[in-house]
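Coordinates in review
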Amino acid sequence: MHFKDLDGKDVALADFSGKVVLVNFWATWCDPCRTEIPWLIEMQKKYADKGFTVLGVAMDEEGKSVVAPFVAREHFDVSGQQLPMSYPIVLGTDAIADKFGGLLGYPTSILISRNGKQVKRITGLISSEEISHAIESQL
């Protein structure tokens, strides 16, 4: 499964093989998505050195022209610090979403184990506690 990052480079899900990956489908216009970004930044900080990453899949129809400025400009309150999105962001398509079983809405997060299996799927806002527990169970 291949994505394009904001620089137009290819990113494959296989690049994260051996890591626990939280694939987060989001869009710049989606308020609940914006609500959970600080939690995702926090998880990235907390678990990155244990073999975890968030992979943000931006589903905006306008693609890079909207997503790249948003990622460059926006900072989020994470425990009192204003931080940028600190995890890889790639551009998504309906075809990519279909490979993950389709989306009922945004945000949708899918936790993938080190061996590439989908172990948890959350449609709508994640519960920070619930997803942290799920991540820790895979590390």
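Residues numbered from 1 in each chain as written. Predicted model: local features only at pLDDT ≥ 70, side-chain atom pairs only at ≥ 80, totals over all residues. Heavy atoms only, no water.

Thoughts on the sheet that holds strand β9 (residues 118-123)
- One open sheet holds the seven strands; their spatial order is β2-β1-β7-β4-β3-β8-β9, and the pairing between them is mixed. Across the chains shown, the open sheet's two edge strands, defined by having one partner strand only, are β2 (10-12) and β9. The mean inter-strand angle of the sheet, taken between neighbouring strand axes irrespective of direction, is 30°.
- For strand β1 (residues 2-5) and β2, the ladder comprises three bridges, and the chain directions are antiparallel. From the neighbouring strand, K4 faces β2, where its bridge partner is D10.
- Packing of helix α1 (residues 31-47) onto the sheet brings it into contact with β3 (20-26), β4 (52-58) and β8 (108-112), and relative to β4 it is tilted by some 155°.
- Sheet strands touched by helix α4 (residues 128-138): β3, β4, β8 and β9. Its angle to β9, the strand with the most contacts, is close to 170°. (Pairing = 2+ DSSP bridges. Helix = DSSP H or I, 4+ residues; strand = E, 2+ residues; numbered from the N terminus. Axes fitted to C-alpha atoms, helices over the stretch in contact; angles between N-to-C directions. Contact = heavy atoms within 4.5 Å.)

Side note on the pattern of salt bridges
- According to the stated counting rule, one finds six salt bridges in the structure shown.
- Across the salt bridge formed by R73 and E74, the nearest N and O atoms sit 3.1 Å from each other.
- The class of R73 is exposed, set by a relative accessible area of 54%.
- For E74, a relative accessible area of 19% puts it in the buried group.
- Salt bridges sharing partners connect three or more residues here, namely R34, R73 and E74. (Salt bridge = Lys/Arg side-chain N within 4 Å of Asp/Glu carboxyl O. Buried < 20%, exposed > 50% of the residue type's maximum accessible area, 1.4 Å probe, protein only.)

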